[in-house]
Amino acid sequence: MGEFKVHRVRFFDYIPSGIRALAFNQDTERIAVARMDGSVEIFHCPDRCFQEKIIPGREQCGIEGLSWVGDRLFSAGLNGEITEYDLTNQKVKYTLDAYGGPIWAITGNQQGTHLAVGCEDGTVKLFELIEDTIQFERNLDRQKSRIISLSWHPSGSKIAAGMMDAIQIFNIETGHSIHRMLVDRGVGTSRSRECVVWSVVYLSNGTIISGDSVGMIKIWDDQTGTLIKSHFITKSDVLALSVSRDEDSIVAGTSEGTVVQFQFIAMVLGKDDKEWVRTRTFKNHTHDIRAVAEITTAVVSGGMDTHLVVKPLLDKIEVKSAASAFRKICFPHRRLVSCAKKSGLMLFQYTGHLELWKLGESEGQGMPGSSLLIKKNPEKLLHLKLKGEDHIRCSAVSPCGEWIVYSTASSLRLYQLHCANNNVSITKISNLPKVLSSANQLCFSSDSSHLFSASTQSVHLVSLSQDGCKFVGTLKPKSGSHQAIHLLAASEDGKWLASANSDHEVHIYNLQTLKAHCTVPVYSSAVTAMGIHPTTNCLFMMHADQQMFEYSIELKQYTDWSRTVQRKGLHSLWLNRDTPCLNVMFNPQNPSHVILHDAYMLCIIDQSLPLPDDKALFYNQLTLKSLPEKQRKSQSHAFKVCKTFKDILCVELMSDQSLVVVERPLEDLATQLPAPIKQKKFAT
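Residues numbered from 1 in each chain as written. Predicted model: local features only at pLDDT ≥ 70, side-chain atom pairs only at ≥ 80, totals over all residues. Heavy atoms only, no water.

Named according to an unreviewed UniProt entry, the chain is Cirhin originating from Cirrhinus molitorella.

Dropping the structure here:
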């Protein structure tokens, strides 16, 4: 497998933001996730729930609700504004003040014509969707209490609104209230304590289902405005509800961290009379579940513990596949750490600042698996705080360690780093070329002489020197989609650059002619990591479905090794992994080695060895150690996996042949979260 000295880094204090809202688009099978820092993430459910897009948040821009209307995505929050997102360019398209105070709920009708928001001032405001914007249409009857939750009737003619101690049903045509249904405050609760209706769901048959702060799921009839049945499911709050597409299943998220499923089934076999019956309870969270969504074959939930959990519903899955896998997404499917390979520096990206650290030094040599004594501790060199409200979208440090660059949704900043006599200073580069207004991805050339800045469809090339930076040219594909670029990879010899976008397109450019060289055949799964081999100039790509391809840039075709992989297939244990590979590296001392990593493992693929078939022992390092050297060759295969490290954010191979492994143990994250609701356990 090879021996490396490993810098095991655990001082990147990254804390993901809690999940506040979910919205599932049934047509595109994409789920939007809103976090408490105002960022919005788009996951493609059929593609192993890969995180396709990230729209960074802004300061004091908390989101309370998300809603898809067709292929348009809207959010609203306590700042009183409605936001529409430009999903192609991955940024805010516009914001509009609703003039009703803080907004607690937002939802669009199934017809795709109107958007409704529930406001602090007790009004439900209707907005008409027109091309490229929305337009205020009218207010429904004002109530004495703030509107906490909303749900349209599938016909679009009525809307149910949850508030303090009541549920109101409005007629959209007249704007007047049809029924006001009072909610019971529960047995044993204080008379002065209000009951908050956190969530409502309006079904096509006229049934309204509500979840409230006394732990009840209540089922109502909209014709008579009466309570049909109630279910007590928790001693705390029911914070979120979601209904399946065919309306035969409801899931509820509670502040105890449980998800409860109800199904509309017949109580007696062969009878047509159906009732809502509690059927399943899932416990996959430690804290409040603030949002749930029932998608095609699974339940998605998220909350204060920051994890996005995808729990498959086995009764809706006919064939065991990737869709039937349980997933817990803890970290972004993007790199938050950039390493200066030649100078031993690391750049940590937080939402509102950057940190630059110098790696420590160790004493002497040791046995494989042993820990070396530290001669010099890691040192924090720089804390670079942002100005303005926007959060950081991407950042990079040059291999030589002299340049730092970052971008938000509205601006790009480039700094030159000066290190002399243990004194560190930076100089902001002013008068940047106008094309460097903002970037979706940033990358330096291997000799640190050029900066590549990816916008929506093109890549801008800038030369760097002591005098500053100079615009060289723009790289554009000959054709293709307008989706934003999310990955860049430059060759060691400075001749080639590869870019990948959200439509799974990979374009390769010739940096000497500044023209498009070729386009890799489009594969059905998203590219999660890629790199160009330093000696062969072959592009190695990893995809969200765990498939790998190697493409010869000069020959414009897949390599023989890549064709062999596709013909023979990969081992089932490799394909069934549930986290994407985030980096592709190459070992200059052994050109046949490709180094990959995901959140749970480090893998070296030796292209000179045969591929393992499904009958072979995949994790075979311990077995090989016990065999005589002559028998090892017959048992060896290309994949060597190391699971010594866990919760990995980044792995990088430095110029001195040492590995930097940045870990963020989930146990450390849990200690920095607020305390969960205390629950009495058996025998305590």
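There's plenty left to go through after this.
1. Let's talk about empty space enclosed by the protein
Applying the stated rule across the entire model yields five cavities of 30 Å³ or more. Within this model, the largest cavity holds a volume of roughly 200 Å³. Residue lining of the largest cavity: 18 residues in total, with Cys330, Phe331, His333, Thr579 and Ala599 positioned closest to the centre. When residues of the lining of the largest cavity are traced back to their parent elements, those giving at least two are strand E29 (327–329) and strand E56 (648–653). (1 Å grid on protein atoms, 1.4 Å probe; cavity = no way out; pocket = protein on both sides within 12 Å on 5 of 7 lines; lining within 4 Å. Points joined across faces, edges and corners; volume = space filled by probe spheres on them. Helix = DSSP H or I, 4+ residues; strand = E, 2+ residues; numbered from the N terminus.)

2. So, the side chain of Ser151
Among the secondary structure elements, Ser151 is positioned in strand E14 (residues 149–152). Note on Ser151: relative accessible area 10%, which makes it buried. A polar contact is formed between the side chain of Ser151 and the backbone nitrogen of Tyr202, at a distance of 2.9 Å. Excluding residues that lie within four positions of it along the chain, Ser151 makes contacts with Thr107, Ile159, Ala160, Val200, Val201 and Tyr202. (Buried < 20%, exposed > 50% of the residue type's maximum accessible area, 1.4 Å probe, protein only. Polar contact = N/O pair within 3.5 Å; in protein donor to acceptor, adjacent residues only side chain to side chain. Contact = heavy atoms within 4.5 Å.)

3. Focus on the sheet that holds E56
Spatially, the three strands line up as an open sheet ordered E1-E57-E56, and their pairing is mixed. The outermost strands of the open sheet, each flanked by one partner alone, are strand E1 (5–9) and E56. Within the sheet, the average angular offset between the axes of one strand and its neighbour, ignoring direction, is 15°. Relative to strand E57 (residues 658–663), E56 runs antiparallel, the two being bridged by five bridges. The residue of E57 that forms the bridge with Cys650 is Val662. (Pairing = 2+ DSSP bridges. Axes fitted to C-alpha atoms, helices over the stretch in contact; angles between N-to-C directions.)

4. Re the environment of Asp27
The topology assignment puts Asp27 in the loop between strand E2 (19–25) and strand E3 (30–35). For Asp27 and Lys93, which are 66 residues apart along the polypeptide, the C-alpha to C-alpha distance reads 22 Å.

5. Details of the pairing of strand E49 (residues 538–543)
With six of six residues buried, E49 is to be regarded as a mostly interior element. Side chains Cys538, Phe540 and Met542 project from E49 onto one buried face, and the interleaved Leu539, Met541 and His543 project onto a second face that is buried too. The pairing of strand E48 (residues 527–532) with E49 spans five bridges and is classified as antiparallel. Along E49, the bridge assignment pairs Val527 with His543. The antiparallel hairpin formed by E48 and E49 contains five residues in its connecting segment, where Asn537 sits at a positive phi of about 55°. Alignment of E49 against strand E50 (residues 548–552), held across five bridges, turns out to be antiparallel. Pairing of Cys538 across the sheet is with Ser552, part of E50. Counting the residues that bridge the hairpin from E49 to E50 gives four residues, and of these Gln546 lies at a positive phi of roughly 75°.

6. Notes on the sheet that holds strand E6 (residues 65–69)
Ordered in space as E6-E7-E8-E9, the four strands form an open sheet in which the pairing is antiparallel. The open sheet has two edge strands with one neighbour each: E6 and strand E9 (91–97). The mean inter-strand angle of the sheet, taken between neighbouring strand axes irrespective of direction, is 25°. With three bridges joining them, strand E7 (residues 72–76) and strand E8 (residues 81–86) adopt antiparallel strand pairing.

7. Focus: the packing of aromatic side chains
A ring pair, where both rings are aromatic, is described by two values, the distance of the centres and the angle of the planes. Using the criterion set out here, one finds 16 aromatic pairs in the structure. Seen from their ring centres, Phe12 and Phe348 are 4.6 Å apart, and the 20° between their planes marks the pair as stacked. Of the two residues, Phe12 sits in the loop between E1 and E2 while Phe348 sits in strand E31 (residues 345–349), which places them 336 residues apart along the sequence. Phe348 matches Phe12 in its accessibility class, with the two residues each being buried. For the ring pair Phe127 and Phe136, a centre distance of 5.6 Å and an interplane angle of 70° mean the geometry is edge-to-face. Three or more aromatic residues link up through ring pairs in this structure, and these residues are Phe11, Phe12, Tyr14, Phe331, Phe348, Tyr350 and Trp357. The lysine or arginine in question, Arg577, covers the ring of Trp574, its NZ or CZ lying 3.9 Å from the ring centre. (Phe/Tyr/Trp six-rings, centres within 6.5 Å; stacked < 30°, edge-to-face > 60°. Lys NZ or Arg CZ within 6 Å of the ring centre and 35° of its normal.)

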